[in-house]
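Here is what each chain is made of, one letter per residue.
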Amino acid sequence: MMTPGADSLEAVTAEVVRCRLCPRLVAWRELVASDKRAAYRNEEYWARPVPGFGDPRARLLIVGLAPAAHGGNRTGRIFTGDRSGDWLFGSLYRAGYTNQPTSTRRDDGLELKGAYIAACVRSAPAANKPTPLERDTCLPYLRREVGLLPQVKVMVCLGKYAYDGLSSVLGLRKRPAFGHGVEVTLVDGRTVLCSFHPSQQNTFTGKLTVPMFDGIFARTQELT
């Protein structure tokens, strides 16, 4: 058990990476790494839980659902190496939160400035659908990260799943229904801000557009 006052983002990262608490997720992430997508057949997949990362002095926390099977599960960094990440880091770059607009691999030089990115579930789930038990097993990692990022003023939820998960972490029971641009002001002055997830389903259909997504991070700048 963690000694009071001894927790750290580094400790959370170390525990996340070696976690094997959910047998179904372990089996799936390892199967994906074995049956590689043809485009990545010469790459070695990460095939472990994916920790959060970013600036420990962040004023912005971004919460997603889970790593993508051939994105974070391959590269070892959340939203890295997939099209959702292309959208996210493009918007973050235009808002001044990163030093570059792309995130392709763990050692590509990307740095987050004033931002930290995490997820509700840390292993890639089949069909992007973790079970309620898997989510509840994983949420303590997010809870610890929230506690270890004391300067955060705004928490952006990418999708309803992230909104529900973060609300559980924060004990936020009475809240507005999820919607793009929905804001919730907490009693301590922090803000929860909702966005549609930059999934291919949302971006290909126009449910989420570049101006809509950029607007979310323009708003975080105003709030921080």
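What you see as residue numbers is a count from 1 along each chain, following the sequence as written. Only residues with pLDDT of at least 70 get local features here, since the model is predicted, and only at 80 or more are side-chain atom pairs given and counted; chain-wide, interface and lining totals rely on the full set of residues. Excluded from the side-chain calculation are hydrogens and water; included are all heavy atoms of the structure.

J.: Give me helix 1 (residues 9-17): which residues, what numbers.
T.: Using a 1.4 Å probe on the protein chains alone, a residue whose accessible area is under 20% of its type maximum counts as buried, one over 50% counts as exposed, and one in between counts as partly exposed. Counting from the N terminus, the helices are DSSP H or I runs at least four residues long and the strands are E runs at least two residues long. Among all positions in helix 1, only Leu-9, Ala-11, Val-12, Val-16 and Val-17 are buried. We call two residues contacting when some pair of their heavy atoms lies within 4.5 Å. Buried residues in helix 1 make contact with strand 3 (115-119) and helix 5 (132-147).

J.: How would you summarise the environment of Ile-216 if you had to cite specific residues and measurements?
T.: Relative to the helices and strands, Ile-216 is located in helix 8 (residues 210-223). In sequence terms Ile-216 and Leu-139 are 77 residues apart; their C-alpha atoms lie 24 Å from each other. Non-local contacts of Ile-216, meaning those with residues more than four positions away in its chain, are made with Val-156, His-180, Gly-181, Leu-193, Cys-194 and Ser-195.

J.: Pulling in residues and values, what's your account of unusual backbone geometry?
T.: Positive phi is not limited to glycine here, since Ala-47 has a value of about 55°. Tracing the chain through its elements places Ala-47 in the loop between helix 2 (23-34) and strand 1 (53-54). Positive phi is not limited to glycine here, since Ala-127 has a value of about 60°. As for its placement among the helices and strands, Ala-127 is situated in the loop between strand 3 and helix 5.

J.: Describe the pattern of salt bridges, and please don't skip the residues or the numbers.
T.: Between Lys or Arg on one side and Asp or Glu on the other, a salt bridge is scored when a side-chain nitrogen of the former is within 4 Å of a carboxyl oxygen of the latter. According to the stated counting rule, one finds 16 salt bridges in the structure shown. Put simply, Arg-77 and Asp-108 hold a salt bridge, and the shortest N to O gap is 2.9 Å. Of this pair, Arg-77 sits in the loop between helix 3 (72-75) and helix 4 (83-94) while Asp-108 sits in the loop between helix 4 and strand 3, and the two are 31 residues apart along the sequence. Just as Arg-77 is buried, Asp-108 falls in that class too. Salt bridges sharing partners connect three or more residues here, namely Asp-7, Glu-15 and Arg-144.

On their own, these measurements won't tell you what the molecule is for.
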